[in-house]
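Single-letter residue listing:
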Amino acid sequence: MISQDAQEPPTSSSSSGSFEVLDLLAAYDAVIPHWFYRNFQDIWFPFSNEDSRKLEEAFCSGRNPQNIVIPTCGGRYDVLLGKRKRQAIYWEEAESEVQRCTWFYKQEKDNQYVPYPEDFSQLLEDAYMLAVTRNEWKKKIESPFRDIIILHNPKRMVHYQPAGSPDDWGATPSEQGRPLTVKRGVDNISVNIPKGEPTQIDHLVFMVHGIGPASDLHFRSIVQCVNDFRFESLNLLHVHFKKAVEQKQIGRVEFLPVNWHSVLHASVDSDIQRITLPSISRLRHFTNETLLDLFFYNSPTYCQTIINTVCSEMNRIYCVFLERNPTFSGSVSVSGHSLGSLILFDLLTNQTDPSLSCNIKIKTSENENDLQDNKHTLLNVLRELDLTDFLSVFEQERMDIEALALCSDQDLKDLGIPLGPRKKILQRIKQERASKDTKNLTEVKENLQHREPTFTQVNMPTEVKYENFNVGIGQVSVIYPQLSFLPQIFFALGSPIGMFLTVRGLKRLDPQYQFPTCKRFFNIYHPFDPVAFRIEPLVFKDEPFEPMLIPHHKGRKRMHLELKEGLSRMGTDILGSFRTAWQTFTRPSFPSLPPPTAEAAAPSCAELPLNIEKEAEPEAELGDEQTSQAKDPSEINVGMLNGGQRFDYVLQEKPIESFNEYLFALQSHLCYWTSEDTSLLFLKEIYQMLGVDMDQPLP
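This one's a predicted model, so the numbers in the text were calculated from it and none came from an experiment. (Residues numbered from 1 in each chain as written. Predicted model: local features only at pLDDT ≥ 70, side-chain atom pairs only at ≥ 80, totals over all residues. Heavy atoms only, no water.)

Student: Please give an account of the pairing of strand S10 (residues 148–153) that cites residues and values.
Tutor: For S10, the tally of buried residues reaches 5 of 6 residues, placing the bulk of the element in the interior. Summarising the sheet, S10 and strand S11 (residues 156–160) pair through 5 bridges and their orientation is antiparallel. The residue bridging Ile148 from the neighbouring strand is Tyr160, located in S11. Where S10 folds back onto S11 in an antiparallel hairpin, the turn is made up of 2 residues. (Buried < 20%, exposed > 50% of the residue type's maximum accessible area, 1.4 Å probe, protein only. Helix = DSSP H or I, 4+ residues; strand = E, 2+ residues; numbered from the N terminus. Pairing = 2+ DSSP bridges.)

Student: Describe the pattern of salt bridges, with residues and values.
Tutor: Under the defined criterion, the tally for this structure stands at 25 salt bridges. The salt bridge partner of Asp51 is Lys54, with a shortest N-O separation of 3.7 Å. With a gap of 3 residues between them, Asp51 and Lys54 both fall in helix H3 (residues 49–59), about one helical turn apart. Classification of Asp51 as buried rests on a relative accessible area of 8%. Overall, the relative accessible area of 28% leaves Lys54 in the partly exposed class. A salt bridge links Arg76 to Glu254; its shortest N-O distance comes to 3.1 Å. With Arg76 in the loop between strand S3 (69–72) and strand S4 (77–80) and Glu254 in strand S14 (residues 252–258), this residue pair connects regions lying 178 residues apart in the sequence. Residue classification places Glu254 among the buried positions, given a relative accessible area of 1%. Through salt bridges with shared partners, a single ionic network connects Arg76, Glu197, Arg230, Arg252 and Glu254. (Salt bridge = Lys/Arg side-chain N within 4 Å of Asp/Glu carboxyl O.)

Student: Help me get a handle on the sheet that holds strand S13 (residues 201–208), residues and values and all.
Tutor: Sheet strands pair by backbone hydrogen bonding; their relative direction is either parallel or antiparallel. A sheet is described by the order of its strands in space; here 7 strands give the open sequence S14-S13-S15-S16-S17-S19-S18, paired in parallel fashion. Looking at the sheet topology across the chains shown, the edges are occupied by S14 and strand S18 (548–549). Where S18 and strand S19 (residues 648–650) come together, 2 bridges link them in parallel fashion. Note that in S19 the partner of Leu549 across the bridge is Val650. On top of the sheet, helix H11 (residues 339–349) reaches S13, strand S15 (331–337) and strand S16 (487–493); it is set at about 130° to S15, its chief contact. Relative to the sheet, helix H23 (residues 676–689) contacts S13, S14, S15, S16, strand S17 (520–525) and S19, its axis offset from that of S16 by approximately 165°. (Contact = heavy atoms within 4.5 Å. Axes fitted to C-alpha atoms, helices over the stretch in contact; angles between N-to-C directions.)

Student: Can you tell me about the side chain of Asn288, naming the residues and giving the values?
Tutor: Its place among the elements puts Asn288 in helix H8 (residues 281–289). Residue class for Asn288 comes out buried when judged on its relative accessible area of 16%. Dropping the residues within four chain positions of it, Asn288 is found in contact with His265, Ile272 and Thr276.

Student: Before we move on, can you summarise the environment of Val268 with the specific residues and values?
Tutor: Checked against the element boundaries, Val268 lands in helix H7 (residues 261–275). Taking the C-alpha atoms as reference points, Val268 and Phe296, 28 residues apart in sequence, are found 9.8 Å from one another. When neighbours within four sequence positions are excluded, Val268 is seen to be in contact with Phe296 and Tyr302.

Student: Outline the packing of aromatic side chains, supporting the account with residue identities and numerical values.
Tutor: One pass over the structure, following the stated rule, counts 30 aromatic pairs. Cluster of aromatic residues (ring-pair linked, three or more members): Phe229, Phe255, Phe491, Phe522, Tyr649 and Phe682. Arg86 extends its terminal NZ or CZ atom over the ring of Tyr37, reaching a point 3.8 Å from the ring centre. The ring of Phe545 has Arg534 sitting right over it, with the charged end atom 4.9 Å from the ring centre. (Phe/Tyr/Trp six-rings, centres within 6.5 Å; stacked < 30°, edge-to-face > 60°. Lys NZ or Arg CZ within 6 Å of the ring centre and 35° of its normal.)

Student: Give a description of the nonpolar core that names residues and reports values.
Tutor: Counting 111 residues, the largest nonpolar core has Phe206, Met314 and Phe490 as its most contacted members. Of the residues forming this core, the biggest block, 10 residues, is contributed by helix H10 (residues 300–324). Leaving out residues up to four positions away in the same chain, Phe490 has contacts with Val334, Gly336, Ser341, Leu344, Phe345, Leu348, Ile497, Phe515, Cys518, Arg520, Phe521 and Phe522. Counting residues in hydrophobic clusters, the runner-up holds 23 residues, among them Phe36, Cys101, Tyr116 and Ala127. (Core = buried A, V, L, I, M, F, W, Y, C linked by side-chain atoms within 4.5 Å.)

Student: Kindly report on the pairing of strand S1 (residues 34–38), identifying the contributing residues and their values.
Tutor: Taken across its 5 residues, S1 has 4 buried, putting it largely inside the fold. Bridge count between S1 and strand S6 (residues 96–101): 5 bridges; the pairing is antiparallel. Among the inter-strand pairings, Trp35 is bridged to a residue of S6, identified as Arg100. Here 3 bridges tie S1 to strand S2 (residues 44–46), and the two strands are oriented antiparallel to one another. Residue Phe36 lies in a different strand from S2, and its bridge partner there is Pro46. Joining the antiparallel neighbours S1 and S2 is a turn of 5 residues, in which Asp42 adopts a positive phi near 60°.

Take a look at the structure:
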């Protein structure tokens, strides 16, 4: 028999309590983590949502984290999940710390949110879950640094820093001072999470820096400046190529920095420091780091170092890029800022014509006798060096004498060749190269000693001599290495190329000249840039003409430039009206005559001028002048350096810059890294070459 009490329904208080617990349990949602990394300035930056998702999936996969490597930031960095480290792939950079972040506090000095360590964040999350599920707040949690975090409610959580260090008895200091704000989850803090980059790469651009280790007024490195340029291009890509991006016709353009300054100064700084005066040390240090690079480039020894470093670095990065992007089928372009543009100009000038190298390869591959001769030559070399024991190793790798000449010490080491034989082979290769260079130089001298030097489209040698080429007048003797790719476009930013060519003695650039392996060229500069020079007047010298104006990235001309043009036109119209009125006022008046008859108006043959064409010349000249004034600036013949198109492009100065040109001169030389107009010109020319147009063409 069931008692009456047992049959009674539960009381309202117990029912409400159970519903309260269910509501509280339902109110708790696990925090969503986001991954961050800390840079060398001790600032935490979030990964993109896509990168953070990949890292979280790998973290929760259950695999051994020590063996997990996740490519992030467009493939430019790898995250070693077990070590919680982020390391650069294409350039040297100190490893940065990586962390899985869930709880944050705001710093007082810069109002930036800083994540708590992962283990302590888990303690805060556990305490928060208990507070929510049990509805027990005002919980105090002490951090390993003796800080106190108090959870008042879900909306108010604070962090108290101790006013002093704990005493000898280990007593915790009382909460003093202004509390810091504590936030749970990345959604509750003000942080700019970057957009993910498309995995498809349509084009690769190498960017070479100018003088000095810093590339802008904030003394940032080339890596940081290229990061800004890449960021601007991604934003513009989603604005001006939105239709192609949404239809996944295009992906993105990858920009990679090329650093040559550190390699150069690693070998010369100690020598320069010994001869540097102790006075005005900061100014002398700045001079040694920056301005001396110009003198180094005019030195035979260090110019060779700079050229070799730039070429080998681009070849190395290109090889690594292809290994990490095996499906890449796009093309490559190069860009140089300041002295970097001159380095690329000289390097591209001295590249080998690809059509000739292609023909040589075809002939070599089709002629089996030549291959057999190469084998005998390799055997003879090994016999001379008493290294015939290693012939089978080279035959197994299908190497001939030409392939052997391309081997480095590391390549021979990978083949299992001992140190002694490696040194013999490398020494023989060095001797062969020196002999070949001397022979080529002798042939060039014999061919050109009876010919007037001109800068035309010829197959230029790999060594430029003072007395041989117009392009090389005043230039040091340098053996130019070859790039492992064919650049499609060369972008020069704030470039002194025109000045250097003039100083070297170049009077005129042959209109038919173009780079042997690069068909497009753009000379981009700011109107107030003190380092930049034009190049088009070296080709077209008949009359002065303006450079091409780069359109504003928003599709219009800047307002102050439009106002200036309007005032100029207004002044011209007023002056013309005043001149007409003055001529009317000063012209003598004659009595009006009746109009002539038709017979009187028709001149006889005797009255016709003897040379009608000569009298018609003034009108023809006037017509030609009007035609030239109305001619499209883009149709001016400036040669084939840019495929027959214009290549001097000038940026539009900002309104504040027009008030004082001298004040913004230095800034204008370093403005290209954050210039949207420059980035858009890059994208426009690259994708136009790929057959993709912008959504709305700029004027």
